[in-house]
2 protein chains.
Amino acid sequence: MTTEKPEPRLRVIASGARTDCDQCEARDRCPGAGLNDEQLKALAAISTTRGPYKPGEAIYRMEDRFHSLFVVQTGAVKVESVSDEGDALVDGFYFSGEMFGVDAIGDSRYRNDAVAMESTWVCELPYDKLEHLCGQIPELQHKIFKLLGHQIRQINNNLVHNRGLPAEKRVMMFLQTLSESNVIRRNEAGRFRLPISKGDIACYLGLRPESLSRALSKLAAEGVIRNNAKLIELVESETAFELAYK
Amino acid sequence: MTTEKPEPRLRVIASGARTDCDQCEARDRCPGAGLNDEQLKALAAISTTRGPYKPGEAIYRMEDRFHSLFVVQTGAVKVESVSDEGDALVDGFYFSGEMFGVDAIGDSRYRNDAVAMESTWVCELPYDKLEHLCGQIPELQHKIFKLLGHQIRQINNNLVHNRGLPAEKRVMMFLQTLSESNVIRRNEAGRFRLPISKGDIACYLGLRPESLSRALSKLAAEGVIRNNAKLIELVESETAFELAYK
DNA sequence: CGCTTGATTGAAGAAACTCAAGGAAGGTGG
DNA sequence: CCACCTTCCTTGAGTTTCTTCAATCAAGCG
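In this convention, every chain numbers its residues from 1, walking through the sequence in written order. Going through the entries in the order they are written, you letter the chains from A and number the ligands from 1. Local features in this predicted model are restricted to residues whose pLDDT is 70 or higher, and side-chain atom pairs enter the listing and the counts only when it is 80 or higher, whereas totals over whole chains, interfaces and linings include all residues. Side-chain figures throughout are based on the complete set of non-hydrogen atoms in the structure, without hydrogens or water.

### Re the overall build of chain A
Elements are defined by DSSP. Helices are runs of H or I of four residues or more, strands are runs of E of two residues or more, and each kind is numbered from the N terminus. Helix and strand content of chain A: seven helices and 10 strands. Residue contacts follow a heavy-atom distance rule, with two residues in contact if any of their heavy atoms lie within 4.5 Å. Residue pairs in contact within chain A that sit at least 24 positions apart in sequence constitute 72% of those at least 6 positions apart. When the accessible surface of chain A is summed, it comes to about 10800 Å², and 48% of that surface belongs to carbon and sulfur atoms. Every accessible area reported is derived by Shrake-Rupley at a probe size of 1.4 Å, with residue values counting cover from the shown protein chains alone.

Structural data, given as structure tokens:
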């Protein structure tokens, strides 16, 4: 998508001197946020920044042994698995400041692929070391527990609450959730564009690409979104909100 | 459902002297399993056994402040929330040895109701104390992290992987998953009966009661399950397995 | 320039839903 | 003990929604 090499926010965790976490879009979802300098330094000592991953490149694969959690620094990541029928299933999307790989905790291997959707930098947190550090820094332990709880809530909400809804509502809920989470940069007009292919969105929402396309066309006709082929923009409005939640 | 007062397995956590966890049906999902006597005693010191909850009685409600995690000792629990449209949504079921309430970690309140489906005893683990104890007992911390990871995996699998499947497969996957998890006692013939109302199952699977009923009738006609009005039994077989996974 | 990939649109089909009625089981009160 | 009621499950008929299949179109890339 974006071809320009991003300026990676390496310092979010890696240096510890600057707590960039506090300026992060998804502040409360970043493990380092809220720690003091000393604690941040300890966290930085076990973490490694990796990247840039090119679009389509894997950060980990389902065959890999589980060894680390990851935090998105710049870019966007999709996590996908394979259905029993053999086709791709999108488990979730992760953006700047968000942690992924947690579903493998306690398992010997990752059970899905994590793939960059655009040029992406991540911060790797070796799990053993992280767990050990949690035993020494109560604030970090607290934070990680909190993050896990949040992730469980998130998954439940996204999956349970939109299942059974008609396609259009599912789309609007998806867009609203993304909008509220503030993980995607907005343009001047307050709109944001998705770095996710429509195929992936469809898959994540449990729809066929065709069904998503139809829903998007309809929503665009109603004026609540813009739908430019490879680009979706949410037009924030009362109408949009109502379509999502009512 | 069952009217006889259950013999609660209080000692699973409460006494610590006997590590009944090791004989628990869902051994790996019980926080106490794998700890030594001293550690178990510490865990027991912060935990309280509560019950019996009568069928339909709430262990916590969505209005309640989040304060504790719970482990099912005897019985069965459903966790349900409310959709934007106002009707009930079943988030999940929990059986003997399984921990619930974790989706509220890091939140100020529970966001759903936990309701006993049959006469139920639970073990309450005050979250603050548990977290504090985790900082002192690395094995416990490890265990809790593992449990949370497992729960995230579980939710993903149950929700992502059966979405989009036809009703019959959804039912079979649900039954197989339950069967494999070994959380429900089996009768002499190796079959197990569900202490869950069909309405709740339908809701959990994202189906209308009518659709579930039709699916069950069809599966019963094919001989892979028994469907006695208030009772579903899975007839373990190669056919059943294939229907679920192929 | 032609090839590939992803998005769109149309028409026909299948699956689940809604609406409605009927039936079995459990609980309550006479 | 039986009648009644409520609740939950079942079954049927018609409709909505999404899917499937197929063709078209646009964009990116060799």
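### Concerning the interface of chain B and chain A
Taken together, the contacts link 45 residues of chain B with 45 residues of chain A. Note on definitions: buried area is the accessible-area loss of two parts on being combined, 1.4 Å probe, summed for both. Overall, the association of chain B and chain A removes approximately 3800 Å² of surface from exposure, summing both partners, and the carbon and sulfur fraction of that is 56%. Taken as a group, B:Phe145, B:Ile152 and B:Arg163 account for 19% of the area that chain B buries against chain A, more than any other trio of residues on that side. For this analysis, a salt bridge means a side-chain nitrogen from Lys or Arg found within 4 Å of a carboxyl oxygen belonging to Asp or Glu. Inspection of the region where chain B meets chain A yields four salt bridges.

### Concerning the protein's contact with DNA strand D
Close to DNA strand D lie 18 residues; A:Ala167, A:Ser211, A:Arg214, B:Lys198 and B:Ser217 are nearest. Near the protein, within 4 Å, the atoms of DNA strand D are sugar or phosphate in 63% of cases. The separation between a phosphate oxygen of DNA strand D and a polar main-chain atom of A:Ala167 is 2.5 Å. One nitrogen or oxygen atom from the side chain of A:Glu210 is found 3.4 Å from a base nitrogen belonging to DNA strand D. Counting residues per element, the ones that place at least two in the surface near DNA strand D are α6 (209-222) of chain A together with α5 (198-205) and α6 (209-222) of chain B. A single heavy atom is enough: if one lies within 4 Å of a molecule or strand, its residue is considered near that molecule or strand. Between N or O atoms, a polar contact is any pair within 3.5 Å; within protein, one atom must be a potential hydrogen donor and the other a potential acceptor, and residues adjacent in sequence are included only when both atoms are from side chains.

### Regarding the domain arrangement of chain A
How big an interface is tends to be stated in terms of accessible area lost as the parts join. All names here are of chain A. For every domain, the bounds stem from an assignment made automatically or drawn from a database. One can read the domain layout of chain A as domain 1 (21-159) and domain 2 (165-244). Between the C-alpha centres of domain 1 and domain 2 there is a distance of 25 Å. Each side of the interface is counted separately: domain 1 has 17 residues, and domain 2 has 13 residues. Among the ionic pairs, Asp200 bridges to Lys78, the shortest N-O distance being 2.8 Å. At the level of elements, β4 (76-82) and β5 (88-95) are the ones that each hand at least two residues to the side of domain 1 that touches domain 2.

### A look at the pattern of salt bridges
Within this structure, the stated rule accounts for 16 salt bridges over all chains. A:Glu80 is paired through a salt bridge with A:Lys78; the nearest N and O atoms lie 3.8 Å apart. Note on classification: 1.4 Å probe, protein chains only; a residue is buried when its accessible area is under 20% of the maximum for its type, exposed when over 50%, partly exposed between these limits. Residue classification places A:Lys78 among the buried residues on the basis of a relative accessible area of 12%. Across the salt bridge formed by B:Lys169 and A:Glu85, the nearest N and O atoms sit 3.4 Å from each other. Here A:Glu85 lies in the loop between β4 and β5 and B:Lys169 lies in helix α4 (residues 167-181), a pairing that spans two chains.

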